[in-house]
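Residue-level structure breakdown
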Amino acid sequence: MMDVPSSNQRQAWAGQNGWSTTSPPAALCSPLPTFHRLSVGSPSHHTPCYSQQQASHHDFHKDCTTFSNTNDSHQDFLHTADQSMQQMTPSPQVSSMIQAAGTGKSIPPCSLPHVNGGTQLFDPQQTSFYSPHIPYQVVSPPLQAPSTRQVILNGPQSLHQNHLLYSPPLFGQHVNQSPLGTSQTPSEGANIKSPLGYSSNHSSPIEQQPQWTLSPHSGGTMKEFGLNAAAQERNITPQSPNSESRYGLDPELLPSAVKVMAEDRAEWEGKVFISEPFSRLPPLATTSCVVEDRGNASPFAIRSTSYCVPCEGQTALLSRLPLGALVTPMAHQLAGEKSIPLCTEADCVEGCASCGASMCPAMSWQDCGQRFYCPFCGKLSEVKWQHYQPTKGAEGVRVDRDKRPELSLGSYEILRSQRGEPAALLLAIDVSISALRGGHLEFITQQIQTLLNSLHRESGELSADIRVGLLTYDSRIHLYDLSPDLSRPHMLVIAEKDDLQLPLREGLLVSIKDCAGIIDSVLQLLPQLCADSDDSSGVPMELPVKAGLAVLQGLGCPGKLLIFHTASLIESEHTNSSSGFFGTNKPKSIFQPSEATISLAKECVRQGCGVHLFVLSQQDVGGAWPGHIPYLTGGALHAYSHLQGEMDRERFISDLRRTVETDTGYNAELRIFVSKDLRVSACYGLFVPGPSPRHVTLATLDRWTTLAVELAHTRPLDETRGVAIQVAMSYVSESGDRRTRIHTLTLRCSRHLQDTFRHCQAQTLLTFYCKKMYCAALERPLQELREELQTDITEALASYRKHGCSASVSAGQLVLPQHLRALPIYMNSLRKSEVLLPGLRSSVHQRLQQRCQVLGMDACGTATHFYPLLQPLVSAVTEDGSDTPQQGEALRCSSASLDPTGLYLVQSPLTVLLWVGTQVPACTLMELFNTGCFSSLPSGETKLPVLQTPVSVRVRSLINMLDSQTRCTRKLWVVKQGDTCEEALQRHLVEDKSPNGGASYADFLYHLHINSVRLLQ
């Protein structure tokens, strides 16, 4: 399949694998159909670029991950992603292709290109060997005879334990070898000039790190070992064609995102991370860890793309990594964490009078506590006499520091003295003929009654003070006066749709505590009252939004507007519906909402009205996609094929309850402050853009709302002061309290480029790039965005290769920073996502929906979306006496991980799939599906039968537990091996070739290395 489906089919291999077919001038090389165009093995006329560097013996840093290959008869692709070394060799077919591509030259089989002209064997004298007396010495085994092989096996090791070399056994032999190695003193660093115009001095006092390499072997192709012997050891089936590499690389030997997450969980799960100024890298977003605030905000509230910011702007550009942060102002706090303290406005020490930044631990005190220095504007501010306290010690710490959250904590809230209006819950119900005939109206009113009664019975001031309003619509608007003083409710009909005027205001919103019976009576009578509704062919999508907005504006309060719609939606403009537009330069005309939609969304934002749209019938909305206003106002679009089925009804009930019960902030205003030597250059997320990127206005937000903030240098940073980032969010709570929540993050800065790479995390970069690219899809062609992603990661790897590691790296070694081992797989998954790379079966509606859903995710949800969790259900179905469901250890997202004898759960924030192999025991099928025949199993969207067997109880409990952690209720798909529904599974196996034409992980990583090496020639 082509990368961009269009009438003009490109003949390049790049188009068939999701690769860019264009290259930057004199920089990247595009993968072309023939291998001689790939320049496998550098031509002889190239000037040696690393001749002197390869002769020196530099040390590697401890975050370095190396892949090594030699120009022997085999290709070695080595890595330390899990602090282990593996080998891969191309298949004989690939080797023969390379030989045929060499026009008159003898080209070695599938060797990665060397920048030094010609082909070279790996020289063991170019790197040092391990010495127990030099813990950060470069490690490399000597070149072995063809009959021997050396790998380094992974095992649980501490950070200070020496890494030993082991010689792996032959086939059928156990691993029980003695460590080998000799010592050698590393040589001094040298200035290496960058082709990008900058230089880096490797003699800087940066802590050296271990480097692991591996010698080649011969005697049979390694591909055969990787596919057969390794599969037998793991008791899995050989790889499917989708998971195989075009170059014979075994994907199982490449860096694993699953192993990176498992290592982080082993380090942090169940432990406490101390978040203090200038702290180290936090746990990954996918790791559940308790955070203790000691002056820095939790990483779940603010997460920086790098926890060591470059001092110079040129250094930041040279790294090719984005400089910014992910902001989740209302991040959920885990059990065991202290709640964010609440201070009154009168008792809180005021912040900077010049720039408006709030008080935080980053402020430094002077003149015995009479003034403080603001790092965000660089000015001094006087302290009011009511809040004055002296300082103590040489660091000038106030004596009351530990008693005031604004002086000692990175996150706190200020309760303002001025109150606002409590939030309202406004229900807009479609009462057209289609809603009556389909039975939707009766079902909706019943579920709303049940929900409101449960809210009324719940104890607590918040639930008791909820104000509820009701309106119905067909081609007209029907308002209801629910005042308790009336003998019965009154219905008011508004026929004028262009200029909505409220005939009254009293009684439109009533307290559920006082008027629960009145609301119930109206909901019960709605099907009879609206039996003579107008039979309209469709309803403009703006009509219920305008009516609900008018009610909230008339009463001057924020709230949630829940629209339950059944009839066809009409939109007068912006009705492009052809999916072919996504392969051209016209996608922005489809992704962009109309001007009328943006104008209406702005009015909702000013009022604090969050729109939640429930579309209850299957309809081809085409270009008239109704989700723009809901997502731009902090709401969501929930679509159901029909409400006659049990699964859709259960999903609707769950979505309705989550929407109403989710803790929400209204009329939110975010102000972003950064150190005076930085500036906020852009902000990405689901909101209506304003004039300044450092000031964002949101109608509503919840625990998942996350923004990406991009920063840029204005002048060099002071290495002694560090960098401070503060987010001050003013909002109105559901009870009407006006609050300001402050999050402050203090980071180190360094003049060494290596520190920047060592303090980055792949999941954070993935979330940042995702929000940036999905927002840019409004204006730029999708192919251009995919090329930019490819260029950025290639140049980042080239920059790290040039400036972040030792000059002793050979040209055939792919070098990855320790914490960015999973970055290539994440970037490849982003590039071939349905939003940026449409498939032949991708509809406009689905891609618009997915774009907004992913933009609203936090870092954890984004990482899981682009790398779904593939978990075997073996541990969850074993009878171990546990009442709680257990998740099996996650596997790589590849078809090679699927065993026909097992059950596997594939979960992402939007979908849950249960894959059933053809050889699953009949007893297991009977306990889970109530049938022992594989061919009789249900396929597609389904619901597991409720059985009282241990297997059924635990699997259903596991799915319900995982579903409770997501923002919306997910569909469950049962996928049988060999069934047509497996295409839905293939979209989630991101390490394989995608159905929409995206390249596999192995091929993508192979070409990343080729292009990064070409940049340095």
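Treat the numbers as computed from the prediction; the structure is a model and nothing was measured.

Calculation rules
Residues numbered from 1 in each chain as written. Predicted model: local features only at pLDDT ≥ 70, side-chain atom pairs only at ≥ 80, totals over all residues. Heavy atoms only, no water. Helix = DSSP H or I, 4+ residues; strand = E, 2+ residues; numbered from the N terminus. Buried < 20%, exposed > 50% of the residue type's maximum accessible area, 1.4 Å probe, protein only. Contact = heavy atoms within 4.5 Å. Areas by Shrake-Rupley, 256 points an atom, 1.4 Å probe, with all protein chains shown as cover. Pairing = 2+ DSSP bridges. Phe/Tyr/Trp six-rings, centres within 6.5 Å; stacked < 30°, edge-to-face > 60°. Lys NZ or Arg CZ within 6 Å of the ring centre and 35° of its normal. Salt bridge = Lys/Arg side-chain N within 4 Å of Asp/Glu carboxyl O. Axes fitted to C-alpha atoms, helices over the stretch in contact; angles between N-to-C directions. Parallel < 35°, antiparallel > 145°, perpendicular 65-115°, else oblique. Nonpolar A, V, L, I, M, F, W, Y, C, P; charged D, E, K, R; others polar. Disulfide = S-S within 2.5 Å. Polar contact = N/O pair within 3.5 Å; in protein donor to acceptor, adjacent residues only side chain to side chain. Core = buried A, V, L, I, M, F, W, Y, C linked by side-chain atoms within 4.5 Å. pLDDT = per-residue confidence, 0-100. Arc of directions from axis to C-beta.

A closer look at the overall build of the protein
Scanning the protein for helices and strands turns up 28 helices and 37 strands. Among the 1017 residues that make up the protein, the fraction classed as buried is 60%. Across the protein, the fraction of contacts at a sequence separation of at least 24, relative to all contacts at a separation of at least 6, is 72%. For the protein, the exposed area adds up to about 39800 Å²; of that, 49% sits on carbon and sulfur atoms.

Focus: the pairing of strand 27 (residues 678–684)
Burial analysis of strand 27 places five of its seven residues in the buried class, which makes it a mostly covered element. Examined bridge by bridge, strand 27 and strand 29 (residues 707–713) share six bridges and lie antiparallel to one another. In the sheet register, Ala-682 faces strand 29, and the bridge partner there is Glu-710.

Considerations on unusual backbone geometry
Excluding glycine, most residues fall at negative phi; most peptide bonds, likewise, are trans. At Asn-667, a position not held by glycine, the phi torsion is positive, near 50°. Mapped onto the elements, Asn-667 comes out in strand 26 (residues 665–674). Asn-667 sits in the partly exposed class, given a relative accessible area of 27%. A positive phi angle, near 65°, is found at Asn-930, a position not held by glycine.

A closer look at the environment of Ile-444
With respect to the helices and strands, the residue Ile-444 is situated in helix 10 (residues 440–457). Given a relative accessible area of 1%, Ile-444 falls into the buried group. Taking the C-alpha atoms as reference points, Ile-444 and Arg-649, separated by 205 residues in sequence, lie 9.7 Å from one another. The residues touching Ile-444, leaving out its near neighbours within four places in the chain, are Phe-564, Leu-616 and Phe-652.

Re the packing of aromatic side chains
One pass over the structure, following the stated rule, counts 15 aromatic pairs. Here Tyr-640 and Phe-652 contribute two aromatic rings whose centre-to-centre distance is 5.8 Å and whose plane-to-plane angle is 80°, an arrangement assigned as edge-to-face. One end of the pair, Tyr-640, is in the loop between strand 25 (636–639) and helix 17 (646–661); the other, Phe-652, is in helix 17, and twelve residues separate them in sequence. With a centroid separation of 6.4 Å and 85° between ring planes, the pair formed by Tyr-826 and Tyr-867 is classed as edge-to-face. With a gap of 41 residues between them, Tyr-826 in helix 21 (residues 823–831) and Tyr-867 in the loop between helix 23 (859–866) and strand 33 (869–872) connect regions that are remote in the sequence. Of the two residues, Tyr-826 and Tyr-867, both sit in the buried class. Positioned above the aromatic ring of Tyr-373, the side-chain terminus of Arg-721 is 4.2 Å from the ring centre. One residue, Lys-976, lies across the ring of Phe-934, its end atom 5.5 Å from the ring centre.

Quick look at the pattern of salt bridges
Under the counting rule described, the total for this entry stands at 35 salt bridges. The residue Arg-320 makes a salt bridge to Glu-795 at a minimum N-O spacing of 2.5 Å. Linking Arg-320 in the loop between helix 7 (313–319) and strand 8 (324–327) with Glu-795 in helix 20 (residues 782–804), this pair joins segments that are 475 residues apart in sequence. Using a relative accessible area of 29% as the deciding quantity, one classes Arg-320 as partly exposed. Across the salt bridge formed by Arg-398 and Asp-400, the nearest N and O atoms sit 2.8 Å from each other. What makes Arg-398 buried here is its relative accessible area of 2%.

Here's the deal with the packing of helix 19 (residues 762–776) against helix 23
Where helix 19 meets helix 23, the closest approach of the two axes is 9 Å, and the angle between their N-to-C directions is 85°. Viewed along their axes, helix 19 and helix 23 adopt a mutual orientation that is roughly perpendicular. Each of Gln-763, Leu-766, Thr-767, Cys-770 and Tyr-774 in helix 19 lies in contact with helix 23, whose residues at this interface are Ala-859, Thr-862, Ala-863 and Phe-866. Here the contact of helix 19 with helix 23 is composed, by residue class, of six nonpolar, three polar and no charged.

Notes on the pairing of strand 16 (residues 424–430)
Of all seven residues making up strand 16, seven are buried, and the element is well covered by its neighbours. Here strand 16 shows no split at all, with Ala-424, Leu-426, Ala-428 and Asp-430 on one side and Leu-425, Leu-427 and Ile-429 on the other all buried. Where strand 16 meets strand 22 (residues 559–565), six bridges bridge the pair, whose relative direction is parallel. Counted as the bridge partner of Leu-426 is Leu-561 from strand 22. Two elements, strand 16 and strand 17 (residues 467–473), share seven bridges in a ladder whose sense is parallel. Looking across to strand 17, one finds that Ala-424 is bridged to Arg-467.

Here we look at the side chain of Thr-864
In this structure, Thr-864 sits in helix 23. Under the relative-accessibility criterion, Thr-864 is labelled buried at 13%. Setting aside anything within four residues of it in sequence, one finds Thr-864 in contact with Thr-286, Leu-869, Gln-907, Ser-908 and Pro-909.

A closer look at the sheet that holds strand 11 (residues 371–373)
Consider a sheet: its strands pair through backbone hydrogen bonds, and that pairing is either parallel or antiparallel. The sheet built from three strands is open, its strands ordered 10-11-12 with antiparallel pairing. The open sheet has two free edges, formed respectively by strand 10 (364–366) and strand 12 (380–382), since each of these has just one partner strand. For this sheet, the mean angle separating the axes of adjacent strands, direction not counted, is 35°. As defined by bridge partners, strand 10 adjoins strand 11 across three bridges and the pair is classed as antiparallel. Paired with Trp-365 across the strands is Phe-372, a residue of strand 11.

Focus: the sheet that holds strand 8
Strand order in this open sheet of four strands is 6-8-29-27, and the pairing throughout is antiparallel. What marks the edges here is a single partner per strand, and that holds for strand 6 (302–304) and strand 27. Along the sheet, successive strands turn relative to each other by an average axial angle of 25°, direction set aside. Pairing geometry for strand 8 and strand 29, over four bridges, is antiparallel. Looking at strand 29, one finds that Leu-326 is bridged to Ala-708. Its contacts with the sheet put helix 19 on strand 6, strand 8, strand 27 and strand 29, and the angle it makes with strand 29 is roughly 95°.

A few points about the state of the cysteines
Within this structure, the stated rule accounts for zero disulfides. In this structure Cys-308 is not part of a disulfide, and its nearest cysteine sulfur, from Cys-749, lies 7.1 Å away.

Observations regarding the side chain of Ser-952
In this fold, Ser-952 is placed in helix 26 (residues 950–963). Here Ser-952 falls in the buried class, since its relative accessible area comes to 0%. Reaching out from Ser-952, the side chain makes a polar contact with the backbone oxygen of Leu-947 at a distance of 3.4 Å. Setting aside anything within four residues of it in sequence, one finds Ser-952 in contact with Glu-927, Leu-928, Pro-945 and Leu-947.

Details of the nonpolar core
By size, the foremost hydrophobic cluster in this structure holds 118 residues, and its most contacted members are Tyr-774, Leu-830, Leu-836 and Tyr-867. Residues within four places of Tyr-774 in sequence aside, it is in contact with Leu-830, Ser-833, Val-835, Leu-836, Arg-851, Val-854, Leu-855 and Phe-866.

Focus: the confidence of the model for the protein
Scored by pLDDT, the protein comes out at a mean of 75, with 70% of its residues at no less than 70. Considering only residues more than four positions removed or in separate chains, one finds that residues 573–584, a stretch of pLDDT under 50, has 36 contacts.

Observations regarding helix 25 (residues 922–929)
Considered for burial, the residues of helix 25 that qualify are Thr-924, Leu-925, Leu-928 and Phe-929. For helix 25, the angular spread of buried residues about the axis comes to 100°, placing them on one side. Looking one or two residues past helix 25, Asn-930 carries a phi angle of roughly 65°, positive in sign.

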